[in-house]
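Each chain, letter by letter, is given below.
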Amino acid sequence: KTDLLSEVIDTVGKASALVQGLHMPITSSNSLKASEYSIYLKVQGNKCIGFIKTGRKNLFVREYHSAAMINIKPLCVLDFYVHESCQREGHGKDLFDCVLEQEKIEPHMLGYDRPSHKFLSFLKKYFDL
């Protein structure tokens, strides 16, 4: 079962990279094994139709009052993908809601690492971010 799960993660990771125009996947079974990242998979029948990868990441942000750069380590959405044939059916929202519930966090408290235009539209539509 571990081999099958690794194959599924590698396949959807490659699909995500392709859609985002990346040269290499940012999600793979090997990278997950060697990290503290989590992956949430949405499966229908025997098909994985989407996933969200989360993890803590060091980010530098500008402090509002002093304009000083500070280092924070929020929980971030690192990769998010729903298969093209299943988009606009609520699967992405289901996945995202699952992350919010499991992590006990609100959308505005998450970090978003280089969000795509589609992901930004999703965040605006559902969470007004």
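Positions within a chain are numbered from 1, following the residues in the order the chain's sequence is written. Only residues with pLDDT of at least 70 get local features here, since the model is predicted, and only at 80 or more are side-chain atom pairs given and counted; chain-wide, interface and lining totals rely on the full set of residues. The side-chain numbers reported here are obtained from all heavy atoms of the structure, hydrogens and water having been left aside.

Undergrad: Honestly, the overall build of the protein in this entry has me stumped. Any pointers?
TA: A tally of helices and strands in the protein yields four helices and six strands. Secondary structure of the protein in N-to-C order comes out as α-α-β-β-β-β-β-α-β-α. Taking 14 Å as the expected radius of gyration for a compact globule of 129 residues, we find that the protein reaches 15 Å, a close match to that expectation. For the protein, the spread of C-alpha atoms along the three principal axes comes to 50 × 35 × 30 Å. Counting over 129 residues, the protein shows a buried share of 33%. Numbering goes from the N terminus for both helices and strands, where a helix is a DSSP run of H or I of at least four residues and a strand is a run of E of at least two. Taken over C-alpha atoms, the radius of gyration is set against a globule rule of 2.2 Å times the number of residues to the power 0.38. Note on classification: 1.4 Å probe, protein chains only; a residue is buried when its accessible area is under 20% of the maximum for its type, exposed when over 50%, partly exposed between these limits.

Undergrad: Is there a simple way to think about the nonpolar core in this case?
TA: Within soluble globular proteins, side chains that are nonpolar tend to cluster in buried spots. Put simply, buried Ala, Val, Leu, Ile, Met, Phe, Trp, Tyr and Cys residues joined by side-chain atoms within 4.5 Å make one nonpolar core. Of all hydrophobic cores here, the largest spans 18 residues; its most connected members are I52, V77, F80, F96, L110, F119 and F122. Those elements that provide at least two residues to this core are β2 (47-56), β5 (75-82), α3 (91-103) and α4 (117-127). Every residue pair with non-hydrogen atoms within 4.5 Å of one another is taken to be in contact. Apart from the residues within four sequence positions on either side, F119 is in contact with V77, F80, F96 and Y112.

Undergrad: What is the right way to look at the packing of aromatic side chains in this model?
TA: For any two aromatic rings, the description comes down to two numbers: the centre-to-centre distance and the angle of the planes. Working definition: rings of Phe, Tyr and Trp (its six-membered ring) pair if their centres are within 6.5 Å, and the pair is stacked with planes under 30 degrees apart, edge-to-face with planes over 60 apart, and tilted otherwise. Summed over the entire model, instances satisfying the criterion amount to twelve aromatic pairs. Centroid distance F122 to F127: 6.2 Å. Interplanar angle 65°. Geometry classified as edge-to-face. Of the two residues, F122 and F127, both sit in the buried class. Taken together, the ring pairs in this structure connect F80, F96, Y112, F119, F122, Y126 and F127 into an aromatic cluster.

Undergrad: What's the story with the sheet that holds β5 in this structure? I'm lost.
TA: Either a parallel or an antiparallel arrangement is found when strands of a sheet pair, and the pairing is made through backbone hydrogen bonds. Paired strands, as defined in this entry, are two strands with at least two bridges between them according to DSSP. Spatial strand order, β1-β2-β5-β6: four strands in an open sheet with mixed pairing. Both edges of this open sheet fall to β1 (38-44) and β6 (111-112), since each of them pairs with a single strand only. Note that β1 and β2 share seven bridges and pair antiparallel. For Q44, the partnering residue across the bridge sits in β2 and is K47.

Undergrad: Help me out: how do you make sense of the pattern of salt bridges in this one?
TA: Should the charged atoms of two oppositely charged side chains come close, the side chains can pair. A pair is scored as a salt bridge if a Lys or Arg side-chain nitrogen falls within 4 Å of a carboxyl oxygen belonging to Asp or Glu. Enumeration over the complete set of coordinates arrives at three salt bridges. Of the charged contacts in the structure, one is a salt bridge between D97 and K93, with a shortest N-O distance of 2.9 Å. One end of the pair, D97, and the other, K93, are both in helix α3, four residues apart, so they sit about a helical turn from each other. Using a relative accessible area of 23% as the deciding quantity, one classes K93 as partly exposed. Its salt-bridge partner being K124, residue D128 comes within 2.8 Å of it at the nearest N-O pair. With relative accessibility at 57%, the residue D128 sits in the exposed group. Overall, K124 belongs to the partly exposed group, its relative accessible area being 48%.

Undergrad: In this structure, what is going on with the side chain of K42? I would like to understand it.
TA: Within the secondary structure, K42 sits in strand β1. A distance of 2.8 Å separates a polar atom in the side chain of K42 from a polar atom in the side chain of D94. Setting aside chain neighbours within four positions, we find K42 in contact with K47, C48, I49, G50, H91, D94 and L95. Identification of polar contacts relies on pairs of N or O atoms within 3.5 Å, with a donor-acceptor requirement for protein atoms, meaning one able to donate a hydrogen and the other able to accept it, and with residues adjacent in sequence counted only if both atoms are side-chain atoms.

Undergrad: I tried to follow the environment of A34 on my own but got confused; where do I start?
TA: As for its position among the elements, A34 is in the loop between α2 (29-33) and β1. Since its relative accessible area comes to 71%, A34 is described here as exposed. C-alpha of A34 to C-alpha of K93: the two residues are 59 residues apart in sequence and 28 Å apart in space.

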